[in-house]
Amino acid sequence: MVTAKGKQFDWRPDLTVQEILERLGYALPMVLVRVNGQVIRRADWPSTRLPDGAVVDVQPIVAGG
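So, a few notes on the structure that sits alongside this text. All values reported here derive from a predicted model rather than from experimental measurement.

## Description of the overall build of the protein
- When helices and strands are tallied, the protein shows one helix and five strands.
- Beginning at the N terminus, the succession of helices and strands in the protein can be written as β-β-α-β-β-β.
- Expected size for 65 residues packed as a compact globule is a radius of gyration near 11 Å; at 11 Å, the protein falls within 12% of this value.
- C-alpha atoms of the protein, sized along the principal axes, occupy 40 × 25 × 20 Å.
- Expressed as a percentage of the 65 residues in the protein, the buried residues total 31%.

## Focus: the pairing of strand β5 (residues 55-60)
- As defined by bridge partners, strand β1 (residues 2-4) adjoins β5 across two bridges and the pair is classed as parallel. Each residue of the ladder has a partner; that of Thr3, found in β5, is Val55.
- As paired strands, strand β3 (residues 31-35) and β5 are joined by five bridges and run antiparallel to one another. Pairing of Val33 across the sheet is with Val58, part of β5.

## What about the nonpolar core?
- Formed by 17 residues in total, the largest nonpolar core has its most connected members in Val17, Ile20, Val33, Val35, Leu50 and Val56.
- Those elements that provide at least two residues to this core are β1, α1 (17-24), β3 and β5.

## Looking at the environment of Asn36
- With respect to the helices, strands and loops of the structure, Asn36 is situated in the loop between β3 and β4 (38-40).
- Judged by relative accessible area, which is 48%, Asn36 ranks as partly exposed.
- Sequence spacing of Asn36 and Pro51 is 15 residues, and the spatial spacing of their C-alpha atoms is 9.5 Å.
- When neighbours within four sequence positions are excluded, Asn36 is seen to be in contact with Pro51, Gly53, Ala54 and Val55.

Definitions and cut-offs
- Residues numbered from 1 in each chain as written.
- Predicted model: local features only at pLDDT ≥ 70, side-chain atom pairs only at ≥ 80, totals over all residues.
- Heavy atoms only, no water.
- Helix = DSSP H or I, 4+ residues; strand = E, 2+ residues; numbered from the N terminus.
- Rg over C-alpha atoms; globule rule 2.2 N^0.38 Å.
- Buried < 20%, exposed > 50% of the residue type's maximum accessible area, 1.4 Å probe, protein only.
- Pairing = 2+ DSSP bridges.
- Core = buried A, V, L, I, M, F, W, Y, C linked by side-chain atoms within 4.5 Å.
- Contact = heavy atoms within 4.5 Å.

Below is the structure:
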């Protein structure tokens, strides 16, 4: 299982950060993603495979003045 934003997803060996974000409905890239506490760069989302038991933390990046 993988946990993201309080939801649990079935794990499989090829599950990526990008896929989890899509399942959560994040269409915009303006988020910070951590997997088990480690920041994952946006460029690495499609290729970063999640380990079984991973905890994915997604936080929106808000800009303003």
